[in-house]
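Fold and geometry: a report
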Amino acid sequence: MATNTGMTTDSEVIQRSRDSPRAFGDLFHRHHVAVYRYVARRAGAETADEVMAETFLVAFERRDRFDHAYSDARPWLFGIATTLLAAHRRREARHLNALARASEREDDDGGLGQVASRVDASADVRRIAARVRALSDGDRDVLLLHAWADLTAEQIAAALNIPVGTVWSRLSRARKALRETAGGSTSKETDHGRVDSAATA
């Protein structure tokens, strides 16, 4: 194992923390900003502080369960944060409503433009927030882990403990719903050259 923390993988940090719990702080310093931003975009800054702190507390308590087949802990951490967000669905809905109203008045759309750009460059961001809120919990989690946490389908599958095929189905269905709202084409969905079906997951 490398002695320089900056050269170690997340997996190595977690392994070291089993004997030296203080080492887990390295994982916090690496990823707490990303986790905070993801939660803040979904449910607002007030909720983000609480959920981010709880995410790392849960991760610390469950570090013996981390799958060391993965060197990157981000999917694991974002999965924990997404699960914790389930207790804050009302706050998330209010936050998305606020973003929808704000995007009608301001150029800053709170990051919803990133969701829109991943769906269709011509999507109407003012209508995206309400439609994201209207998605099923599962479809919304997959879409926002992809758009705001920048996870791949394989990483989302690991984060949510679901098959990769289910991730593709939910992502395809969410994209289709948002494109319908934006008035775009819904006939086919592609990602890295793959045609996705909107089959029920």
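Before reading further, recall that the structure is shown in the block above.
Residues numbered from 1 in each chain as written. Predicted model: local features only at pLDDT ≥ 70, side-chain atom pairs only at ≥ 80, totals over all residues. Heavy atoms only, no water.

Considering the packing of aromatic side chains
Applied cut-off: A pair of aromatic rings is counted whenever rings of Phe, Tyr or Trp (Trp by its six-membered ring) have centres within 6.5 Å, and the orientation is called stacked for planes under 30 degrees apart, edge-to-face for over 60 and tilted otherwise. Each helix corresponds to a stretch of at least 4 residues labelled H or I by DSSP, and each strand to a stretch of at least 2 residues labelled E; elements are numbered beginning at the N terminus. Remark: exposure states derive from per-residue accessible area (1.4 Å probe, protein chains only) relative to the maximum for the residue type, with buried under 20%, exposed over 50%, and partly exposed in between. Comment: the charge-over-ring label is applied if NZ (Lys) or CZ (Arg) is within 6 Å of the ring centre and within 35 degrees of the ring normal.
In this structure the tally under the stated criterion is four aromatic pairs. Judged by centre distance (5.2 Å) and plane angle (75 degrees), the ring pair of tyrosine 38 and phenylalanine 78 falls under edge-to-face. With a gap of 40 residues between them, tyrosine 38 in helix α2 (residues 24–43) and phenylalanine 78 in helix α4 (residues 74–85) connect regions that are remote in the sequence. For tyrosine 38, a relative accessible area of 1% puts it in the buried group. Classification of phenylalanine 78 by relative accessible area gives buried; the value is 3%. Arranged with centres 5.1 Å apart and planes meeting at 65 degrees, the rings of phenylalanine 66 and tryptophan 76 form a pair that is edge-to-face. Here tryptophan 76 lies in helix α4 and phenylalanine 66 lies in the loop between α3 (45–61) and α4, a separation of 10 residues in the sequence. Above the plane of the ring of phenylalanine 60 lies arginine 63, whose end atom (NZ or CZ) is 4.0 Å from the centre.

With respect to the nonpolar core
The following threshold applies: Buried Ala, Val, Leu, Ile, Met, Phe, Trp, Tyr and Cys residues that are joined via side-chain atoms within 4.5 Å together make up what is termed a nonpolar core. Throughout, a residue-residue contact means that at least one pair of heavy atoms, one from each residue, lies within 4.5 Å.
Within the largest apolar cluster, 47 residues are counted, with the highest numbers of intra-cluster contacts made by Leu27, Val35, Tyr38, Val39, Trp76, Leu77 and Leu145. Those residues in contact with leucine 77 that lie beyond four places of it in its chain are Leu27, His31, Val35, Thr55, Phe56 and Ala59.

Considering the packing of α3 against α4
What counts is decided by this rule: Only C-alpha atoms enter the line fits that serve as axes; for helices the fit covers just the stretch in contact. Angles between N-to-C directions range over 0 to 180 degrees. Between 65 and 115 degrees an angle is taken as roughly perpendicular, under 35 as roughly parallel, over 145 as roughly antiparallel, and anywhere else as oblique. Definitions for this section: a left-handed crossing has its near helix turned counterclockwise from the far helix by less than a right angle. A right-handed crossing has that turn clockwise. When residue character is reported, Ala, Val, Leu, Ile, Met, Phe, Trp, Tyr, Cys and Pro are called nonpolar, Asp, Glu, Lys and Arg charged, and the others, Gly included, polar.
Where α3 meets α4, the axes come as close as 9 Å, and the angle between the chain directions of the two elements is 120 degrees. Considering their axes alone, α3 and α4 lie oblique with respect to each other. For the crossing formed where α3 meets α4, the hand is right-handed. Where α3 abuts α4, its residues Val51, Glu54, Thr55, Phe56, Val58 and Ala59 lie against Trp76, Leu77, Ile80, Ala81 and Leu84. Its residues assigned to classes, the contact of α3 with α4 shows nine nonpolar, one polar and one charged.

Here we look at the pattern of salt bridges
Two side chains bearing opposite charge may form a pair once their charged atoms approach each other closely. The line we're drawing: Salt bridge criterion: a side-chain nitrogen from Lys or Arg within 4 Å of a carboxyl oxygen from Asp or Glu.
Scanning the model with the defined rule gives seven salt bridges in all. Across the pair arginine 30 and aspartate 10 runs a salt bridge, and its minimum N-O distance is 2.8 Å. Of this pair, arginine 30 sits in helix α2 while aspartate 10 sits in helix α1 (residues 10–19), and the two are 20 residues apart along the sequence. Relative accessible area serves as the criterion here: at 6%, aspartate 10 is assigned to the buried category. The partner of arginine 42 in a salt bridge is aspartate 141, with the nearest N and O atoms 2.8 Å apart. Note that arginine 42 is positioned in helix α2 and aspartate 141 in helix α8 (residues 137–147), a separation of 99 residues in sequence. Among the residues examined, aspartate 141 registers a relative accessible area of 9% and is labelled buried.

Quick notes on the environment of phenylalanine 78
Spatially, the C-alpha atoms of phenylalanine 78 and threonine 55 are 8.3 Å apart, while their sequence positions differ by 23 residues. In contact with phenylalanine 78, other than residues within four places in its own chain, are Ala34, Val35, Tyr38, Leu145, Ala149 and Leu151.

The analysis is restricted to geometry; functional conclusions fall outside its scope.
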